[in-house]
Amino acid sequence: MAWLAAAAVSAFACWLAVVHATPIDRALPLIAVVLTCMAAAWRGVIQIAVPLLIGGEIAISDERHRLLWFGVVVGLAVGTAFLGGPWTRRRAVLLTVGAIVLLRWIPVPQMIVRELFLIGVAVAIVAMLRWTPLAAAIAIAAALFTPAIPLRTLALPLVVLLAGALVRFFGFGFMSARTAAAVAATVMTMFFAWSGVLARAPSLVLKGLPRAAPRVEIRTALSPGETITLEVPHGTRHLILSGANVPRLERGTVIGRLEPGGQVRIGEIADWGGLRREHYYGSRNRLPRDPAGLVRDYGQGAWVDGAGRVPVFGPLVRITADERLPADARLQVEAFQ
């Protein structure tokens, strides 16, 4: 009863404190409940994260800095919950389910049944791997990297579950590795506000999430064979390009030409929406070599568009979309930077 009361009071306090409009801010009451459950699994000291979240909501107006603060607070709380004290089955389940809720349920998913099934598989993975801290971290990672769209992508956690069953059946030892599990859980939940970017473009998260830079907008889409000539603004070093309706093109495929400059290929740019959760599984495009995309949306639905930077030279640049592109494909000329 005491923990139920603590969860209710924490959620109410966070609800009163919300002053910003992002789905992450509006989910503060849910985050408070999850952290209270984690505190109940081990020690109440973890609940100090709740007033720290409230303080960040009130004091930090910049969205990027505020969400990063939330991530640091939540990540350290989750990592602390992995460390110290006896490790029990109850603790393993609460930490696994709580971390998955943070990573996948903000904002609330549309396909609740699939998400509940995924949580069930994650708990089964923990059970199969003998309820250890490392088993919990593996289950959380399997859930994080599973798009669940389309349905067949649920094969990833099922494969992990099968591997755990084989480990259990053949009697292989499974180390607890609590510190490594705590670090992994901390890193994963630290980026819960953009967990979709972490799942589909982890290198970009580790390098640093992109921020919007000054641009001279163009916003023109060229059909196959179409050409446009543009005056290059003084001081411009790069042209930002992306593709449209090209997610199935292989890396290295020519998508256009710059004069002067040479050919532009998939790999230098990508399909604009290819890293969306619902498109990622069927896309052959990956993050461009010099990404210029911006972070869009939040939580598991967060993604980075497939724009890339290509260098430009001279006062004029002539841009041509390759005539061999599919009829519905487009070379998108987004901006100078």
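All of these numbers come straight from a predicted model, not from anything done at the bench. (Residues numbered from 1 in each chain as written. Predicted model: local features only at pLDDT ≥ 70, side-chain atom pairs only at ≥ 80, totals over all residues. Heavy atoms only, no water.)

A. Region of interest: the overall build of the protein. Each helix and strand in the protein was counted, giving 13 helices and ten strands. When its C-alpha atoms are laid out on the principal axes, the protein stretches across 70 × 50 × 30 Å. Out of the 337 residues in the protein, the part that is buried amounts to 50%. A separation threshold of at least 6 residues defines the contact pool for the protein, and within that pool the share at least 24 residues apart is 74%. Accessible surface computed for the protein: about 15300 Å², of which carbon and sulfur atoms make up 65%. (Helix = DSSP H or I, 4+ residues; strand = E, 2+ residues; numbered from the N terminus. Buried < 20%, exposed > 50% of the residue type's maximum accessible area, 1.4 Å probe, protein only. Contact = heavy atoms within 4.5 Å. Areas by Shrake-Rupley, 256 points an atom, 1.4 Å probe, with all protein chains shown as cover.)

B. Focus on the sheet that holds strand β8 (residues 308-311). Across the sheet, which stays open at both edges, the four strands sit in the order β1-β10-β3-β8 with antiparallel pairing between neighbours. Each end of this open sheet is capped by a strand with a single partner; those strands are β1 (216-222) and β8. Taking each pair of neighbouring strands and ignoring which way they run, the sheet shows an average axis angle of 30°. Across four bridges, strand β3 (residues 238-244) lies against β8 in antiparallel orientation. Pairing of I240 across the sheet is with R309, part of β8. (Pairing = 2+ DSSP bridges. Axes fitted to C-alpha atoms, helices over the stretch in contact; angles between N-to-C directions.)

C. Here's a closer look at helix α4 (residues 49-59). The set of residues buried in α4 consists of A49, V50, L53, I54, G56 and E57. Here the buried residues of α4 occupy an arc of 160° about the axis, which is enough to place them on one side. With respect to the buried face of α4, the exposed residues turned more than 90 degrees away are I58 and A59. As for α4, its buried residues are in contact with α1 (2-17), α2 (23-26), α3 (28-41) and α5 (63-82). (Arc of directions from axis to C-beta.)

D. Quick peek at the sheet that holds strand β9 (residues 316-321). The four strands are arranged β2-β9-β4-β5 in an open sheet whose pairing can be described as antiparallel. Each edge of the sheet is formed by a strand with only one pairing partner; in this case those strands are β2 (227-231) and β5 (262-265). The sheet shows a mean angle of 25° between the axes of neighbouring strands, taken without regard to direction. With five bridges connecting them, β2 and β9 associate as antiparallel partners. In the strand pairing of β9, L230 is matched with V317.

E. Structural view of the environment of A77. On the secondary structure map, A77 appears in helix α5. Linking A77 and L287, residues 210 residues apart in sequence, is a C-alpha distance of 31 Å. Apart from residues no more than four positions distant in its own chain, A77 is found in contact with L35, I46 and A49.

F. The arrangement of unusual backbone geometry in detail. For the bond running from I106 to P107, omega is -10°, close enough to zero to count as cis. Checked against the element boundaries, P107 lands in the loop between α6 (89-104) and α7 (112-128). Its identity as a non-glycine residue notwithstanding, R219 has a phi of 55°, on the positive side. Along the chain, R219 turns up in strand β1. The backbone of N245 sits at a positive phi, close to 60°, despite the residue not being glycine. Mapped onto the secondary structure, N245 falls in the loop between β3 and β4 (254-259).

G. Seen up close, the packing of aromatic side chains. This structure, assessed with the given rule, holds three aromatic pairs. When the ring of F12 is compared with that of W15, the centres are 5.9 Å apart and the planes differ by 25°; the resulting orientation is stacked. One end of the pair is F12 and the other is W15, both in helix α1 and three residues apart, which spans about a single turn. Here F12 falls in the partly exposed class, since its relative accessible area comes to 48%. Aromatic pair W272 and W303: ring centres 5.1 Å apart, planes at 85°, arrangement edge-to-face. Of this pair, W272 sits in the loop between β5 and α13 (277-280) while W303 sits in strand β7 (residues 303-304); the two residues are 31 residues apart in sequence, bridging distant segments of the chain. Exposure remark for W272: the relative accessible area of 25% places this residue in the partly exposed category. A cation sits over an aromatic face here: R64 above W194, 5.9 Å from the ring centre. (Phe/Tyr/Trp six-rings, centres within 6.5 Å; stacked < 30°, edge-to-face > 60°. Lys NZ or Arg CZ within 6 Å of the ring centre and 35° of its normal.)

H. Fine view of the packing of α3 against α6. Between α3 and α6, the least distance of the axes is 9 Å, while the angle of their chain directions is 165°. The orientation of α3 relative to α6 falls into the category roughly antiparallel. Pair α3 / α6 crosses with left-handed handedness. Across from L30, I31, V34, C37, M38, A40 and A41 in α3, the residues of α6 making contact are R90, R91, L94, L95, G98, A99, V101 and L102. Its residues assigned to classes, the contact of α3 with α6 shows twelve nonpolar, one polar and two charged. (Parallel < 35°, antiparallel > 145°, perpendicular 65-115°, else oblique. Left-handed = near helix turned anticlockwise from the far one by under 90°. Nonpolar A, V, L, I, M, F, W, Y, C, P; charged D, E, K, R; others polar.)

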